[in-house]
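Observations on the three-dimensional arrangement
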Amino acid sequence: MHRFEELIIWQKAMDITESCYRASDNFPKEEKFNLTSQLRRSAVSIPSNIAEGAGRNTNGEFKQFLGIANGSSFELLTQLYLSKRLNLITEEKVRPIINEVVEVTKMNYSLQKNLKTS
């Protein structure tokens, strides 16, 4: 079992989630139950799955949840790109978030690779 609060990847994923909430705060009201909700849910899914995996009994289970978190990262990237294409967010606001998601994705792959399966 790992202390998820101490994991840099979890901390960065929390920062991404916070950034996504702030960035989507100004999306149109008609997107509240559509893109806004989906973007926020995929963002929250990243640190949530990292935390859940960290609390599991084996590194194999942890890896499984890291894989789910990685899927959520790619889902989030798609939603961020779509938000930009729909002019719901500017390039200058979305680019730092995208860069952070890419960084967390790389960290995730590295962590999965380095976890010894037990």
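Residues numbered from 1 in each chain as written. Predicted model: local features only at pLDDT ≥ 70, side-chain atom pairs only at ≥ 80, totals over all residues. Heavy atoms only, no water.

1. Here we look at the overall build of the chain
Counting secondary structure elements, the chain contains four helices and zero strands. When the helices and strands of the chain are placed in sequence order, the string is α-α-α-α. Computed over C-alpha atoms, the radius of gyration of the chain comes to 15 Å, within 12% of the 13 Å expected from 2.2 N^0.38 for 118 residues, which places it in the range of a compact globule. By principal-axis analysis of the C-alpha atoms, the chain measures approximately 45 × 25 × 20 Å. By the burial criterion, 41% of the 118 residues in the chain qualify as buried. Once local pairs closer than 6 in sequence are excluded, the contacts in the chain between residues at least 24 apart make up 73%. When the accessible surface of the chain is split by element, carbon and sulfur atoms take 52% of a total near 7,000 Å². Computed over 16 positive and 14 negative side-chain charges, the inter-centroid distance for the chain is 4 Å. (Helix = DSSP H or I, 4+ residues; strand = E, 2+ residues; numbered from the N terminus. Rg over C-alpha atoms; globule rule 2.2 N^0.38 Å. Buried < 20%, exposed > 50% of the residue type's maximum accessible area, 1.4 Å probe, protein only. Contact = heavy atoms within 4.5 Å. Areas by Shrake-Rupley, 256 points an atom, 1.4 Å probe, with all protein chains shown as cover. Lys, Arg positive; Asp, Glu negative; His and termini not counted. Charge placed at Lys NZ, Arg CZ, Asp CG, Glu CD.)

2. Structural notes on the packing of helix α1 (residues 8-24) against helix α4 (residues 91-114)
The geometry of α1 relative to α4 is characterised by a closest axis approach of 10 Å and an angle of 155° between their N-to-C directions. Comparing the axis directions of α1 and α4 gives the class roughly antiparallel. When you trace α1 past α4, the crossing you get is left-handed. Residues Ile8, Ile9, Lys12, Ala13, Asp15, Ile16, Ser19, Cys20 and Ala23 of α1 form the contact with α4, whose participating residues are Ile97, Glu100, Val101, Glu103, Val104, Met107, Asn108 and Leu111. A class-by-class count of the residues in the contact of α1 with α4 yields 11 nonpolar, two polar and four charged. (Axes fitted to C-alpha atoms, helices over the stretch in contact; angles between N-to-C directions. Parallel < 35°, antiparallel > 145°, perpendicular 65-115°, else oblique. Left-handed = near helix turned anticlockwise from the far one by under 90°. Nonpolar A, V, L, I, M, F, W, Y, C, P; charged D, E, K, R; others polar.)

3. Regarding the side chain of Asn108
In this fold, Asn108 is placed in helix α4. Only 2.9 Å separates the side chain of Asn108 from the backbone oxygen of Leu66, close enough to count as a polar contact. Residues contacting Asn108, with those up to four places away along its chain left out, are Ile9, Leu66, Ala69 and Asn70. (Polar contact = N/O pair within 3.5 Å; in protein donor to acceptor, adjacent residues only side chain to side chain.)

4. Focus: the side chain of Asn70
As for its placement among the helices and strands, Asn70 is situated in helix α3 (residues 59-85). According to the relative accessible area criterion, Asn70 is buried, its value standing at 5%. Discounting residues that sit within four places of it in the chain, Asn70 has contacts with Thr105, Asn108, Tyr109 and Gln112.

5. Some words on α3
The terminal C-alpha atoms of α3, which comprises 27 residues, lie 39 Å apart, in line with the 39 Å expected from a rise of 1.5 Å per residue. Positive backbone phi, approximately 60°, marks Asn87, located one or two places after α3. (Expected span 1.5 Å × (residues − 1).)

This is a description of form; function is not addressed.
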